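Structural overview
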Amino acid sequence: MPLALLALAVGAFGIGTTEFVMMGLLPDVAGDLHLSIPTAGHLVSAYALGVVIGAPLLAAATARMSRRKVLIGLMALFVAGNTLSAFAPDYHWLLAARFLSGLPHGAFFGVGAVVATTMAAPERKARAVSLMFLGLTVANIAGVPVATLMGQRLGWRSTFLGVSVIGLVAIVSLALVLPRDRTHAPAAGLRGELAALRSLPVWLALGTTVAGFGALFSAYSYITPMLTDSAGYADSSVTLLLALFGVGATVGNLLGGRLADRSTRRTLFGGLISLAAVLALFPVLMETAWSAALAVVLLGTAAFVTSSPLLLMVMEKASSAPSLASSANQAAFNLANAGGAWIGGLALGAGFGVTSPAPAGAVLAVLGLAVAGAAYAVDRRRTVPGAGRERLVATHMPQVSERVRS
């Protein structure tokens, strides 16, 4: 199991690096292709759009295929997208290549999560998922800073070539260590797979993901001006501080996996409450340098404690199509990325101050907690009434029997 999870983590590391590195390379790409920064920013949106579209469709379309072959094929598509990005002759080709690179993102994590849980004992499923996602969080510590530095020194095209090499390493690793398998998914076709997403509990779980991680990205999208304008850090220090966020995310991811194996629901509620508290305290924590650094670590920890329980909850609610459900959760994560950044931008644009996106994120975290509470209420309503009817019948059965005998 460790080697197979390591292979999945290598793929996650490559995906995490290419997803977030574009933020640091925007000035270089814009200068080389003669674009404005806002126009170059569409390259970030193109990747996210690829994730949202590709996650459910690729997972559903490949549901009856060997998961080993699916993961290798998705990583091959990832390598193709990043290679095309490296050799894109102009902005429009690069935009299309970034969209292509995003297509396999969600499906890889979705199918990979199912593979990770099938290789683990029932009481260790959340930890197995967290180990796979370890590659994504470590990418924020090492992958993104190194790839950004390489792009700044050797040109932004070298970054995407480097990411393609990571993808090739992941393909070889997956081919060597993942066991050959045959999927046991029902032959229901694409329509049948998509039907698994019709239930209210699934949508409530996905809504919790959107609101919870929207809270994170409301603040994280504007973390640089908070650190420089409020906490007083120099621009050159931001990269190191963002690596601290990756450290917090890694700790939160591993902690969340361990706690979720004990209680998925309590871990989720505790993580969302912690996230709301950290974001609410952000304006105070950003007043000094040392407390700002602490705030960055706490933000990553509180946010990623919820990643494993959220994914397991979505997979549980759509048990007939777990790959599709966990892939849809990745699409929800990217919707949270876009929506959270938009809401944080509204707070900033309204003149509430450079740290205002964080309290706006705290409101989103509370909203996520409310949606998670609604999901819990729906679960109780679906189970308790039936149990109540059984107790009612058991209570009155002796009286009915007595009347029949008389």
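Above this text is the structure in question.
Computed from a predicted model, the values in this text were never measured in an experiment.

Looking now at the packing of helix α3 (residues 42–61) against helix α5 (residues 91–118). One way to put it is that α3 packs onto α5 with a least axis distance of 6 Å and a crossing angle of 40 degrees. By the criterion of interaxial angle, the relationship of α3 to α5 is oblique. Every pair of crossing elements has a handedness; the one defined by α3 and α5 is right-handed. Here His42, Leu43, Ala46, Tyr47, Leu49, Gly50, Val51, Ile53, Gly54, Ala55, Leu58 and Ala59 of α3 lie close against α5, whose contacting residues are Tyr91, Leu94, Leu95, Arg98, Phe99, Ser101, Gly102, Leu103, Pro104, His105, Gly106 and Ala107. The residue inventory of the contact of α3 with α5, partitioned by class, reads 16 nonpolar, 7 polar and 1 charged.

Turning to the side chain of threonine 17, a few remarks are in order. Relative to the helices and strands, threonine 17 resides in helix α1 (residues 2–33). Among the residues examined, threonine 17 registers a relative accessible area of 2% and is labelled buried. From its side chain, threonine 17 meets the backbone oxygen of phenylalanine 13 in a polar contact 2.8 Å long. For threonine 17, the residues in contact, after removing those within four places along its chain, are Ala139, Gly143, Val144, Ala147 and Val163.

Further remarks concern the packing of helix α12 (residues 264–285) against helix α13 (residues 289–304). Across the interface, α12 lies against α13 with an axial gap of 9 Å and an inter-helix angle of 160 degrees. With respect to α13, the axis of α12 lies roughly antiparallel. Where α12 crosses over α13, the handedness of that crossing is left-handed. Touching Gly271, Ser274, Leu275, Val278, Leu279, Phe282, Val284 and Leu285 of α12 are Ser291, Ala292, Ala295, Leu298, Leu299, Ala302 and Ala303, all from α13. Tallied by class, the residues present in the contact of α12 with α13 amount to 12 nonpolar, 3 polar and no charged.

Counting through the fold element by element, serine 101 comes out in helix α5. For serine 101, a relative accessible area of 1% corresponds to the buried category. In terms of polar contacts, serine 101 uses its side chain to reach the backbone amide nitrogen of asparagine 82, at 3.4 Å.

Another aspect to go through is the pattern of salt bridges. Overall, the coordinates contain 2 salt bridges when judged by the stated rule. A salt bridge links aspartate 32 to arginine 157, with the nearest nitrogen and oxygen atoms 3.9 Å apart. Remark: arginine 157 occurs in helix α7 (residues 156–177) and aspartate 32 occurs in helix α1; sequence separation between them is 125 residues. The partner of arginine 127 in a salt bridge is aspartate 261, with the nearest N and O atoms 3.0 Å apart. Linking arginine 127 in helix α6 (residues 125–154) with aspartate 261 in the loop between α11 (238–260) and α12, this pair joins segments that are 134 residues apart in sequence.

Here helix α15 (residues 322–349) spans 40 Å end to end across 28 residues, near enough to the 40 Å set by a 1.5 Å rise per residue. After α15 finishes, the residue glycine 351 shows a positive phi value of roughly 85 degrees.

By convention here, two paired aromatic rings are described through the distance between centres and the angle between planes. Using the criterion set out here, one finds 9 aromatic pairs in the structure. A ring pair is formed by tyrosine 220 and phenylalanine 245, whose centres lie 4.3 Å apart and whose planes are at 25 degrees; its orientation type is stacked. With tyrosine 220 in helix α9 (residues 200–220) and phenylalanine 245 in helix α11, this pair connects stretches of sequence that are 25 residues apart. In this structure, tyrosine 220 and phenylalanine 245 share a single accessibility class: buried.

Take the environment of aspartate 229 next. Following the sequence through the fold, aspartate 229 ends up in helix α10 (residues 223–230). Sequence-wise, aspartate 229 and glutamate 287 are 58 residues apart; in three dimensions their C-alpha atoms are separated by 9.8 Å. Side chain to side chain, aspartate 229 and threonine 228 meet in a polar contact 3.3 Å long.

Here the focus is the nonpolar core. In terms of nonpolar packing, the biggest core is built from 90 residues, with Leu8, Leu216, Phe282 and Met286 touching the most fellow members. When residues in this core are grouped by element, the largest group, 9 residues, is from α9. Those residues within four positions of phenylalanine 282 in sequence are excluded, and the remaining contacts are Ile223, Met226, Ala295, Leu299 and Ala358. Counting 16 residues, the second largest nonpolar core, distinct from the first, contains Met22, Leu26, Ala30 and Ala40.

With that settled, the discussion passes to unusual backbone geometry. In this structure, histidine 34 takes a positive phi of about 60 degrees despite not being glycine. Checked against the element boundaries, histidine 34 lands in the loop between α1 and α2 (37–40).

Compared with the 40 Å implied by 1.5 Å per residue over 28 residues, the 42 Å span of α5 between its first and last C-alpha is a close match. Buried residues dominate α5, accounting for 21 of its 28 residues. Measuring from the side-chain oxygen of the N-cap residue of α5 to the backbone nitrogen of histidine 92 gives 3.2 Å; that N-cap residue is aspartate 90.

A grouping of Leu3, Leu6, Val172, Leu176 and Val177 is seen on the molecular surface, where their side chains present a nonpolar patch of about 490 Å² in accessible area. Secondary-structure elements contributing two or more residues to the nonpolar patch are α1 and α7. Counting residues per element, the nonpolar patch draws most heavily on α7, at 3 residues. Relative to the helices and strands, leucine 3 resides in helix α1. The exposed category is assigned to leucine 3, whose relative accessible area is 59%.

Criteria and cut-off values
Residues numbered from 1 in each chain as written. Predicted model: local features only at pLDDT ≥ 70, side-chain atom pairs only at ≥ 80, totals over all residues. Heavy atoms only, no water. Axes fitted to C-alpha atoms, helices over the stretch in contact; angles between N-to-C directions. Helix = DSSP H or I, 4+ residues; strand = E, 2+ residues; numbered from the N terminus. Parallel < 35°, antiparallel > 145°, perpendicular 65-115°, else oblique. Left-handed = near helix turned anticlockwise from the far one by under 90°. Contact = heavy atoms within 4.5 Å. Nonpolar A, V, L, I, M, F, W, Y, C, P; charged D, E, K, R; others polar. Buried < 20%, exposed > 50% of the residue type's maximum accessible area, 1.4 Å probe, protein only. Polar contact = N/O pair within 3.5 Å; in protein donor to acceptor, adjacent residues only side chain to side chain. Salt bridge = Lys/Arg side-chain N within 4 Å of Asp/Glu carboxyl O. Expected span 1.5 Å × (residues − 1). Phe/Tyr/Trp six-rings, centres within 6.5 Å; stacked < 30°, edge-to-face > 60°. Core = buried A, V, L, I, M, F, W, Y, C linked by side-chain atoms within 4.5 Å. Patch = residues over 30% accessible without salt bridge, like charges linked within 9 Å, V, L, I, M, F, W, Y side chains within 5 Å. Areas by Shrake-Rupley, 256 points an atom, 1.4 Å probe, with all protein chains shown as cover.

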